[in-house]
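# Coordinate analysis (summary)
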Amino acid sequence: MTDPRFPSDFHWGVATSSYQIEGAAAEDGRGPSIWDTFAHTPGKTVNGDHGDVACDHYHRYPQDFDLIAGLGLNAYRFSIAWPRVQPQGKGAWNAKGLAFYDRLVDALLERGITPHATLYHWDLPQALQDEGGWLNRDTALRFTDYAVTMGVRLGDRVAAICTHNEPWCTAHLGHHSGKFAPGLKDPQAAVQVAHHLLLSHGLALQAMRAAGVKAPLGIVLNQSPAVPATDRATDLALAEREYALFVRWFMDPLFLKRYPTASGVHLYPQVRENDFDAIAQPLDFLGINYYTRIWVSSEEPPRPAPRMDGVTDMGWEVYPQGLADLLTGIHREYKLPPIYITENGMANADTLVEGKVHDAQRIAYLKGHLEALSRAIAAGVDVRGFFYWSLLDNYEWDSGYDKRFGLVHVDYATQQRTLKDSAHWYREFVARQRAAHGA
Ligand code: IFM
């Protein structure tokens, strides 16, 4: 089958985040984050793994960017560690931390790679957590100050600034299931945190625009369609509830100035007057992270998903059509700005043998999702770029280093990087896109 064709100015990229790759946790004045605290608490992560060293990207970023350039990619999505640039989350700025992100952005531009920055990918300064973290409404104001400083500093050199990455995860994995930092198990707290995250996003956008920040501004949401196992009323109602909790919970406030209602949804946050006006700022773009669909069944035991294309090493069903269904669905339901697929990828049980990683499963995953993406574009969704998650194998949060998402294999003992077969496949795919456009 021939390749799907994407627009000539499409952003072809890879994504990472600060805590998952940087390491240098106590270097050059970086303050502790909630993930340092959480990961160093016994029993919270697989093997007690933490991000103290991770991929040592803080020191190795030039070589890592050479890899991206070598793959022929023109975009890179990274996140800024708030505690590296403002160790206490308020007050003094850390000149060495700010200088690091200046160097990082310049190193990308020197290689012809367009930087996409994310302000918050889960590493809240611990000092703010000590004052209540995202449960404290004041954290939204601290985040706004941080966003303005970084926006003014980098906004003339980056193609995009995202406020939050996957606020659902911060809220629910961090404050309801307790799987992620800070490890709370309080569902009411989770919805309040989600509200403060949305509020901080809106306030930050307003403040960055008022400060003259030039870069396009947006937010990154993790989304999935919710698919009922049958068309029985109970399954349909369950699917509607899951979609409301996962997708509409963030989309409705951003686009419609309200929280969704659905049968079975009972917990709502405290919302102050004008909060929705603050949240629903115009978006220059929306980032979507897609990994799998949500399968729902009201039967006991639940009817299993068919899993025709297999499952990843995370146990997530491979379901490329879900990306097309999701995008065409939200395109119908909301007035969307341009979209970036800011994450899509799979963990695979990769092994390095004689300098090679034969990850055919990842190639199939990537191919399937790019085909699905092209179907969504053909159906009228305005998609401007695709970022594979992730450039490197890295610290997969509570799963530690066991789960490998990278196009590039990392030997953590030596920090040796090795391109997997999927990296070569992605390079060739993007090269064919360029050739097809005569570039
Ligand atoms: O590694 C994470 C990333 O930090 C956020 N999105 C999902 C990825 C895979 O779990």
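In this report, the structure presented in the accompanying data block is examined. (Residues numbered from 1 in each chain as written. Predicted model: local features only at pLDDT ≥ 70, side-chain atom pairs only at ≥ 80, totals over all residues. Heavy atoms only, no water.)

### Here's the deal with the packing of aromatic side chains
Using the criterion set out here, one finds 43 aromatic pairs in the structure. Taken together, a centroid distance of 5.3 Å and an interplanar angle of 80 degrees make the contact between tyrosine 120 and tryptophan 134 edge-to-face. Taken together, the residues tyrosine 120 in strand β3 (residues 114-120) and tryptophan 134 in the loop between α6 (126-129) and α7 (138-154) connect sequence positions 14 residues apart. Overall, the relative accessible area of 1% leaves tyrosine 120 in the buried class. One aromatic cluster is present, built from ring pairs that chain together Tyr19, Trp35, Phe38, Trp122, Phe180, Tyr395, Trp397, Tyr401 and Tyr412. Arginine 84 extends its terminal NZ or CZ atom over the ring of phenylalanine 100, reaching a point 5.8 Å from the ring centre. Over the aromatic face of tyrosine 319 sits the side chain of arginine 293, whose NZ or CZ is 3.7 Å from the ring centroid. (Phe/Tyr/Trp six-rings, centres within 6.5 Å; stacked < 30°, edge-to-face > 60°. Helix = DSSP H or I, 4+ residues; strand = E, 2+ residues; numbered from the N terminus. Buried < 20%, exposed > 50% of the residue type's maximum accessible area, 1.4 Å probe, protein only. Lys NZ or Arg CZ within 6 Å of the ring centre and 35° of its normal.)

### Here we look at the nonpolar core
Leu327 and Tyr426 are the most contacted members of the largest nonpolar core, which has 133 residues in total. Element by element, the count of residues in this core is highest for helix α10 (residues 233-256), at 9 residues. Each residue touching leucine 327, except ones within four places of it in the same chain, is listed here: Ile288, Ile339, Ile341, Leu373, Ala376, Val381 and Val383. (Core = buried A, V, L, I, M, F, W, Y, C linked by side-chain atoms within 4.5 Å. Contact = heavy atoms within 4.5 Å.)

### A look at the site of the ligand
Neighbouring the ligand are the residues Gln20, His121, Trp122, Asn165, Glu166, Tyr291, Trp316, Glu343, Trp389, Glu396, Trp397 and Phe405. Glutamine 20 places a polar side-chain atom, nitrogen or oxygen, 2.7 Å from an oxygen atom of the ligand. For the ligand, the protein covers 95% of the area, taking 280 Å² as the surface of the free molecule. The pocket occupied by the ligand, as judged from atoms lying within 2 Å of grid points, is the largest pocket. When the residues that make up the shell around the ligand are grouped by side-chain class, the tally is 6 nonpolar, 3 polar and 3 charged. (Near = heavy atom within 4 Å. Polar contact = N/O pair within 3.5 Å; in protein donor to acceptor, adjacent residues only side chain to side chain. Areas by Shrake-Rupley, 256 points an atom, 1.4 Å probe, with all protein chains shown as cover. 1 Å grid on protein atoms, 1.4 Å probe; cavity = no way out; pocket = protein on both sides within 12 Å on 5 of 7 lines; lining within 4 Å. Sits in = over half its atoms within 2 Å of the grid points. Nonpolar A, V, L, I, M, F, W, Y, C, P; charged D, E, K, R; others polar.)

### Quick look at α10
For α10, which comprises 24 residues, the first-to-last C-alpha distance of 27 Å sits more than 12% below the rise-based estimate of 34 Å (1.5 Å per residue). At arginine 248, α10 is deflected by roughly 60 degrees, the largest bend along its length. Once α10 ends, the next one or two residues include lysine 257, with phi positive near 60 degrees. (Expected span 1.5 Å × (residues − 1). Bend = angle between axes of the 7 residues up to and from the residue.)

### Points about the side chain of glutamate 166
Considering the arrangement of structural elements, one finds glutamate 166 in the loop between β4 (160-165) and α8 (167-175). Among buried Asp, Glu, Lys and Arg side chains, glutamate 166 stands out as unpaired, with arginine 77 the closest opposite charge at 6.6 Å. Beyond its immediate stretch of four places on either side in the chain, glutamate 166 contacts Trp122, Val220, Asn222, Asn289, Tyr291 and Glu343. (Lys, Arg positive; Asp, Glu negative; His and termini not counted. Salt bridge = Lys/Arg side-chain N within 4 Å of Asp/Glu carboxyl O.)

### Description of the layout of surface pockets
One number sums up the size of the largest pocket: a volume of about 1200 Å³. What lines the largest pocket is a set of 46 residues, among which Trp168, Leu173, Asn222, Phe246 and Trp316 lie closest to the centre. Secondary-structure elements contributing two or more residues to the lining of the largest pocket are α8, α9 (187-210), α10 and β8 (294-296). The residue makeup of the lining of the largest pocket, split by class, is 22 nonpolar, 14 polar and 10 charged. In this structure, the second largest pocket encloses a volume near 160 Å³. What lines the second largest pocket is simply Pro7, Asp9, Phe10, His11, Ala159, Pro216, Asp284, Phe285, Pro338, Tyr340, Val383 and Arg384. Partitioning the lining of the second largest pocket into residue classes produces 8 nonpolar, 1 polar and 3 charged. (Points joined across faces, edges and corners; volume = space filled by probe spheres on them.)

### Some thoughts on helix α3 (residues 57-70)
When the terminal C-alpha atoms of α3 are compared, their 17 Å separation across 14 residues is substantially less than the 20 Å that a helix rising 1.5 Å per residue should span. Buried residues belonging to α3 abut β1 (11-15), α1 (18-21), β2 (75-79), α4 (82-85), α5 (95-110) and β12 (416-419).

### Thoughts on the pattern of salt bridges
With the rule as written, the count across this model stands at 30 salt bridges. Across the pair aspartate 359 and arginine 362 runs a salt bridge whose closest N-O atoms are separated by 2.7 Å. This pair shows no difference in class: aspartate 359 is buried, exactly as arginine 362 is. Close ionic contact of aspartate 382 with arginine 384 constitutes a salt bridge, the shortest N to O distance being 2.7 Å. Judged by relative accessible area, aspartate 382 falls into the partly exposed class, the value being 33%. Overall, arginine 384 belongs to the partly exposed group, its relative accessible area being 38%. What you see here is one network of salt bridges that share partners, running through Asp350, Asp359, Arg362, Asp393, Arg404 and Lys420.

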